[in-house]
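Okay, here's what each chain looks like letter by letter:
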Amino acid sequence: MTNLNNTKKVKIKKLRVGRGIGSGKGKTSGRGVKGQKSRSGVAIKSFEGGQMPLYRRLPKRGFNPIKKIKVAILNLDKIQNLIENKKIKQDTQINLDTLQKANIVSKSFKKIKILGSGDIKSKINLNVDFVSKSAKEKLEKAGGTISLNHKN
């Protein structure tokens, strides 16, 4: 086994451009003749000859996930207000379909969540995707029932 310190050192000389015709990289230093690219300080990385560059042709994605499921959020006081204004009936089951048919929730929403802001006095039957702890407690105290959809 040879000792690495005793092996002959290999040093490749640095290529010095622009040092005479005999070096092979003299005169124009391998840059060709004239033009923007032959000058120093040139950066035309994504330039496509005036055509709209690829990064500008593609749509902006950013932080908007493509497959995001829109969740409608309803507070208990809003539901109570809708019942008092007779927009929804309290004896029917309240779910996303009934709210969309009554034009309360936009058709772009795929799921619904109930939050516990405000109070509820009516006994209602809810069929939703998500419910907060406080909303669940208030609904059960008022005598209502909640069933959750488990199609996540």
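Our subject is the structure that appears above.
Position labels on residues start from 1 in each chain and follow its written sequence. Given that the model is predicted, a residue must reach a pLDDT of at least 70 before its local features are reported, and side-chain atom pairs must reach 80 or more before they are shown or counted; all residues, however, enter totals for whole chains, interfaces and linings. The side-chain figures draw on all heavy atoms in the structure; neither hydrogens nor water molecules are used.

Chemist: Before we go on, may I ask you to explain the overall build of the protein chain in this structure?
Modeler: A tally of regular secondary structure across the protein chain gives four helices and six strands. Only DSSP runs of H or I with at least four residues qualify as helices, and only runs of E with at least two residues qualify as strands; both kinds are numbered from the N terminus onward. Along the chain direction, N to C, the helices and strands of the protein chain fall in the order α-β-α-β-α-β-β-β-α-β. C-alpha atoms define the radius of gyration in this analysis, and the globule rule sets the expected value at 2.2 Å times the number of residues to the power 0.38. In terms of overall size, the protein chain is more extended than a compact globule, its C-alpha atoms giving a radius of gyration of 35 Å where 152 residues would be expected to give roughly 15 Å. Taken over the C-alpha atoms alone, the protein chain extends approximately 95 × 55 × 25 Å along its principal axes. Remark: exposure states derive from per-residue accessible area (1.4 Å probe, protein chains only) relative to the maximum for the residue type, with buried under 20%, exposed over 50%, and partly exposed in between. Across the 152 residues that make up the protein chain, the buried fraction comes to 22%. For the protein chain, the proportion of contacts with a sequence separation of at least 24, taken over those separated by at least 6, is 40%. A 1.4 Å probe and the Shrake-Rupley method give the accessible areas. Residues count as covered only by the protein chains that appear here. Carbon and sulfur atoms form 52% of the exposed surface of the protein chain, whose accessible area is close to 12800 Å². Charge counting follows a simple rule: Lys and Arg are positive, Asp and Glu are negative, and His as well as the terminal groups are ignored. We put the charge of a Lys on NZ, of an Arg on CZ, of an Asp on CG and of a Glu on CD. Placing the 37 positive and 9 negative side-chain charges of the protein chain at their respective mean positions leaves the two points 31 Å apart. Residues are treated as being in contact if the distance between any of their heavy atoms lies within 4.5 Å.

Chemist: Got a minute to help me understand the packing of aromatic side chains in this structure?
Modeler: Where two aromatic rings form a pair, the distance of their centres and the angle of their planes describe that pair. Two aromatic rings, drawn from Phe, Tyr or Trp (for Trp, its six-membered ring), form a pair once their centres lie within 6.5 Å of each other, and the interplanar angle then sorts them: stacked below 30 degrees, edge-to-face above 60, tilted otherwise. A full pass over the atoms with the stated rule returns zero aromatic pairs. In this scheme, Lys NZ or Arg CZ marks a charge over a ring once it lies within 6 Å of the ring centre and within 35 degrees of the ring normal. Lys70 extends its terminal NZ or CZ atom over the ring of Phe109, reaching a point 4.9 Å from the ring centre.

Chemist: Explanation requested: the pattern of salt bridges in the structure shown.
Modeler: Opposite charge on two side chains lets them pair, provided their charged atoms get close. Definition used for salt bridges: Asp or Glu carboxyl oxygen within 4 Å of a side-chain nitrogen of Lys or Arg. Evaluated as defined, the whole model comprises two salt bridges. Two residues, Glu48 and Arg57, come together in a salt bridge whose shortest N-O distance is 2.8 Å. Between Lys121 and Glu84 there is a salt bridge; the shortest N-O distance is 4.0 Å. With Lys121 in the loop between strand E3 (111-115) and strand E4 (125-128) and Glu84 in helix H2 (residues 76-84), the pair connects residues that are 37 residues apart, well separated along the chain. Overall, the relative accessible area of 65% leaves Lys121 in the exposed class. Glu84 gets classed as partly exposed once you look at its relative accessible area, which sits at 46%.

Chemist: How should the sheet that holds E4 be read in this particular structure?
Modeler: Strands in a sheet are paired, the pairing made by backbone hydrogen bonds, and the direction either parallel or antiparallel. When DSSP finds at least two bridges between two strands, those strands are taken to pair. In space, the three strands of this open sheet follow the order E2-E4-E6, with parallel pairing throughout. Every other strand in the sheet has two partners, leaving strand E2 (93-94) and strand E6 (145-148) as the edge strands with one partner each. The pairing of E4 with E6 spans four bridges and is parallel. Bridge assignment links Asn125 to a residue of E6, and that residue is Thr145.

Chemist: Can you help me understand a nonpolar patch on the surface in this one?
Modeler: Like charges are joined within 9 Å and nonpolar side chains (Val, Leu, Ile, Met, Phe, Trp, Tyr) within 5 Å, but only among residues with over 30% relative accessible area and no salt bridge; these make up the patches. A cluster of nonpolar side chains, Val42, Ile44 and Phe47, forms an exposed patch at the surface whose accessible area comes to about 250 Å². The residue Phe47 is located in the segment before helix H1 (54-57) in this model.

Chemist: Help me understand the nonpolar core, please; the structure alone is not making it clear to me.
Modeler: For soluble globular proteins, the rule of thumb is that nonpolar side chains tend to be buried together. Within this scheme, the nonpolar core is defined by two criteria: the residues are buried Ala, Val, Leu, Ile, Met, Phe, Trp, Tyr or Cys, and they are joined through side-chain atoms within 4.5 Å. Within the largest apolar cluster, 21 residues are counted, with the highest numbers of intra-cluster contacts made by Ile79, Ile114 and Ile124. Elements with a minimum of two residues in this core: strand E1 (71-75), H2, helix H3 (96-101), E3, E4 and helix H4 (133-142). It is H2 that provides the largest number of residues to this core, a total of four residues. Excluding its chain neighbours within four sequence positions, the residues that come into contact with Ile114 are Leu74, Leu76, Ile79, Leu126, Val128, Phe130, Val131, Ser132 and Ala135.

Chemist: I tried to follow the side chain of Ser38 on my own but got confused; where do I start?
Modeler: Secondary-structure assignment places Ser38 in the segment before H1. Between N or O atoms, a polar contact is any pair within 3.5 Å; within protein, one atom must be a potential hydrogen donor and the other a potential acceptor, and residues adjacent in sequence are included only when both atoms are from side chains. In this structure the side chain of Ser38 is engaged in a polar contact, spanning 3.3 Å, whose partner is the side chain of Arg39.

On their own, these measurements won't tell you what the molecule is for.
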